[in-house]
Amino acid sequence: MTTYLDFEKPLAEIEGKAEELRALARRNEEMDVEAEAAALDKKAADMLRDLYKELTPWRKCQVARHPNRPHCRDYIQALFTEYTPLAGDRNFADDHAVMGGLARFEDTPVMVIGHEKGHDTKTRIERNFGMARPEGYRKAVRLMDMADRFGLPVITLVDTPGAYPGKGAEERGQSEAIARSTEKCLQIGVPLISIIIGEGGSGGAVAFATADRLAMLEHSIYSVISPEGCASILWKDAEKMREAAEALRLTAQDLHKLGVCDVVIKEPLGGAQRDPDATIAGVGRAISSMLAQLKGADRGKLIAGRRRKYLDMGSKGLAA
C-alpha cells in the first residue's frame, strides 16, 4: 500500500481514481475503462514530475523520512553476501538500532555498519526508530577496530533522526560514546565509506559518517539538528521548521556545494520509496566506485587525508 506525504495528496487522489476504475473493471469484465485509467496515469505521472522537479528543503526532509524508503537491512540483504552479524559492545548490551557485521561486497571482504529504523510498528519499536544508545556506538567502535585489525574496508549506512536522548543513555555516557565513535572513524587505517540513505541527524550520524568518502541519496538530509529542533531553539516554535530547513543547508545538493558530501546518488522519480530496487542498485554502484578510488591506499595517507578533509570543512561555498 502506497503511503503519500502531505504535499502528495493531489497525486494520491488521481492515482486512487485510476485504481478504482481498474478495480471496477476487474469486477465487471464488460466495462472498458483502460482509456480513462491511462489518461489518469499520464496526469499522475506529469504531476509527480512537477512535484519532484524542485523540492523545497522541508519537503526533502519529508521524503527522507518516508517510512517506505529502503532501510539498512534492505541494503545489506541486496548488496552484500555472506553477511555475518556481530552483536554487543562487550560491556552493557546489544543495541538493535545499530546493525553490523562481516560481509562481502562484490566478493571483497568488508565490515558493514548501519542504523536500522525498522519497517513496521513492531520492528520500529524494537529498533528504537534508528536512534542508537551508547552501546550502539560502542559496538560500532568494536567493529571498526576489528576491521582495522584485519585490513577490511568499512561501509556505513546512515539513517537516524539522531542519537537517543533518554535518561539511561545519558547515564551510560551517550556523548562520550558518540565522540569515541567519531574519533575511531578518524583513526582507522582502512578505507571508510559512508552513505546517507535517509536522515543523517546530528552527532548520531557524524559518529558513522566521518569517512574518506561521503555519499548521499538525492533526497536524503544531513544536519547538526532536525528542522523542528532548530526552530524550537531559535524561534521557540517548532512550526517554523520550514524556515529552519532552508537555513540549515541540509540537502544533498547544498552539502555537495559546501564540500561536505562527495557524491549525490540519483533517486528514481518520486523518491527511493517508489522504486527501492533501483535505489539500492544505485547505491551499490556508488559504493563500488568509491571503493575502487580508495583501493590499495597507504594506511598513513588514508588517515592523514581523512583528517585533512574534516579540518578543511567549512572553508568552501559558504556564500553560495
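Above this text is the structure in question.
Chains are numbered independently. Their residues run from 1 in the order of the written sequence. Local features in this predicted model are restricted to residues whose pLDDT is 70 or higher, and side-chain atom pairs enter the listing and the counts only when it is 80 or higher, whereas totals over whole chains, interfaces and linings include all residues. Side-chain measures here rest on the full set of heavy atoms in the structure, leaving out hydrogens and waters.

**A closer look at the overall build of the chain**
Threshold: Numbered from the N terminus, helices here are DSSP runs of H or I no shorter than four residues, and strands are runs of E no shorter than two. In this setup the radius of gyration rests on C-alpha atoms only. A globule is expected at 2.2 Å times the number of residues raised to 0.38. Residue burial is assigned from relative accessible area. The probe radius is 1.4 Å, only protein chains are included, and a residue is buried under 20% of its type maximum, exposed over 50%, and partly exposed in between. Note on contacts: a residue pair qualifies if any of its non-hydrogen atoms lie within 4.5 Å across the two residues. Here the Shrake-Rupley method, with its probe set to 1.4 Å, supplies the accessible areas, and only the displayed protein chains count as covering residues. In this count, Lys and Arg are taken as positive residues and Asp and Glu as negative ones, while His and the chain termini are left out. Note on charges: their place is set at NZ of Lys, CZ of Arg, CG of Asp or CD of Glu.
Secondary structure assignment for the chain yields 14 helices and 8 strands. For 320 residues, the compact-globule estimate of 2.2 N^0.38 gives 20 Å, and the C-alpha radius of gyration of the chain, at 21 Å, lies within 12% of that figure. Principal axes of the C-alpha set define a box for the chain whose edges measure 70 × 50 × 40 Å. Here the chain, with 320 residues, has 50% of them falling under the buried criterion. Here the analysis covers contacts within the chain between residues at least 6 apart in sequence; of these, 71% occur between residues at least 24 apart. With the model as given, the accessible surface of the chain reaches about 15,500 Å², and the carbon-plus-sulfur share is 53%. The centroid of the 46 positive side-chain charges in the chain is displaced by 6 Å from the centroid of its 48 negative side-chain charges.

**Thoughts on the pattern of salt bridges**
Selection criterion: Whenever Lys or Arg places a side-chain nitrogen within 4 Å of a carboxyl oxygen from Asp or Glu, that contact is recorded as a salt bridge.
Evaluation of the coordinates by the stated rule reveals 22 salt bridges. For R65, the salt bridge goes to E199, with nearest N and O atoms at 3.0 Å. Highlighted residues: R65 in the loop between helix 3 (57-64) and helix 4 (72-79) and E199 in strand 5 (residues 192-201), separated in sequence by 134 residues. Residue class for R65 comes out partly exposed when judged on its relative accessible area of 28%. The class for E199 is buried, based on a relative accessible area of 8%. Linking D145 and K184 is a salt bridge whose minimum nitrogen-to-oxygen distance equals 2.9 Å. Here the residue D145 occupies a position in helix 6 (residues 134-150), and K184 occupies one in helix 8 (residues 174-187), the gap between them amounting to 39 residues.

**Describing helix 6**
Let me state the cut-off plainly: What a helix is expected to span follows from its residue count: subtract one and scale by 1.5 Å.
Between its first and last C-alpha, helix 6 extends 25 Å over 17 residues, near the 24 Å set by a 1.5 Å rise per residue. For helix 6, the buried fraction is high: 13 of the 17 residues fall into the buried class. Immediately downstream of helix 6, the backbone of G151 shows phi near 70°, a positive value.

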